Amino acid sequence: MKFVRSSLLGFMPVIMLACAASGSPAISLVKEGVQVSAKLGKISINNATQAHFVHAELTIYNKSKKLKSANLNCLALTVGGVVSDEIDVDSIASVLSDPYPADANGQIKVPVYWVFSAGKVRDIQGLPDAKLSVKSGAASCFRY
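Now for a quick tour of the structure. Note that the structure is a prediction, hence the values are computed from the model and not measured. (Residues numbered from 1 in each chain as written. Predicted model: local features only at pLDDT ≥ 70, side-chain atom pairs only at ≥ 80, totals over all residues. Heavy atoms only, no water.)

Once that is clear, we can look at the overall build of the protein chain. Of the regular secondary structure elements, the protein chain holds 1 helix and 12 strands. Per-residue burial for the protein chain yields a buried fraction of 38% across its 144 residues. For the protein chain, the computed accessible surface area is about 8400 Å², with 56% contributed by carbon and sulfur atoms. (Helix = DSSP H or I, 4+ residues; strand = E, 2+ residues; numbered from the N terminus. Buried < 20%, exposed > 50% of the residue type's maximum accessible area, 1.4 Å probe, protein only. Areas by Shrake-Rupley, 256 points an atom, 1.4 Å probe, with all protein chains shown as cover.)

Written out as structure tokens, the structure reads:
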């Protein structure tokens, strides 16, 4: 068992930089009547690519209409004036981010991470200044 555990650790090229100690920062926006919020969590770096990842719990809902799905690729995170390159679902398996299905109540709750490519950001520790936005030119982000 010791061999298996140490072997698996060799395949994990991501290190953790920080965790929110007392309450993770929460950011939100409203677009087309849809409430999007993200509870920001840990920050990590991929050792192989030096890309930075900002992990979050993403919630999407509309009080007046029932969502069927959302295109998570419409959402960007800005930290220290630097806009993320992409968003991915934080899962062991590969999961499509478009369309990402809503639950029976029309709500989406999903763990995600935003990717900031190497060299794009020097200090990503300033999560309290993070902003959530819909990418310009993004169409049909929310489906009913």
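A word on the sheet that holds strand β11 (residues 131–134). Spatial ordering of the open sheet is given by β7-β6-β11, a layout of 3 strands whose pairing is antiparallel. Each of the sheet's edge strands pairs with one partner strand only, and the pair in question is β7 (82–83) and β11. The pairing of strand β6 (residues 75–79) with β11 spans 4 bridges and is classified as antiparallel. Each residue of the ladder has a partner; that of Ala-76, found in β11, is Ser-133. (Pairing = 2+ DSSP bridges.)

What follows deals with the pattern of salt bridges. Once their charged atoms are close, side chains differing in charge can pair, the charge on each being opposite to the other. Taken as a whole, this structure holds 1 salt bridge when the rule is applied. Residue Arg-143 is joined to Asp-98 by a salt bridge in which the shortest nitrogen-to-oxygen separation is 2.9 Å. Of this pair, Arg-143 sits in strand β12 (residues 142–143) while Asp-98 sits in the loop between β8 (86–89) and β9 (100–101), and the two are 45 residues apart along the sequence. (Salt bridge = Lys/Arg side-chain N within 4 Å of Asp/Glu carboxyl O.)

Mapped onto the secondary structure, Ala-138 falls in the loop between β11 and β12. When the C-alpha positions of Ala-138 and Asn-73 are compared, they lie 8.6 Å apart, and in sequence the two are 65 residues distant.

Next up on the list: the pairing of strand β2 (residues 26–31). Direction of pairing for β2 relative to strand β3 (residues 34–46): antiparallel, over a ladder of 6 bridges. Within the sheet, the bridge partner assigned to Lys-31 lies in β3 and is Val-34.

What follows covers the sheet that holds β9. Sheet strands associate in pairs through backbone hydrogen bonding, adopting either a parallel or an antiparallel arrangement. Here 3 strands make up an open sheet; going across it, the order is β9-β5-β12 and the pairing antiparallel. A strand with exactly one partner marks an edge of an open sheet, and here the two such strands are β9 and β12. Where strand β5 (residues 69–70) and β12 come together, 2 bridges link them in antiparallel fashion. Across the sheet, the residue bridging to Ala-70 is Phe-142, located in β12.

Grouped together as the largest cluster of nonpolar side chains are 33 residues, with contacts concentrated most on Val-36, Leu-40, Leu-58, Ile-60, Leu-72, Leu-77 and Trp-114. Among the elements of the structure, β2, β3, β4 (52–62), β6, β8 and β10 (108–116) are those that each provide at least two residues to this core. Aside from chain neighbours lying at most four places away, what touches Leu-77 is Ile-27, Leu-40, Val-54, Val-82, Val-83, Ser-84, Trp-114, Phe-116, Ala-130 and Lys-131. (Core = buried A, V, L, I, M, F, W, Y, C linked by side-chain atoms within 4.5 Å. Contact = heavy atoms within 4.5 Å.)

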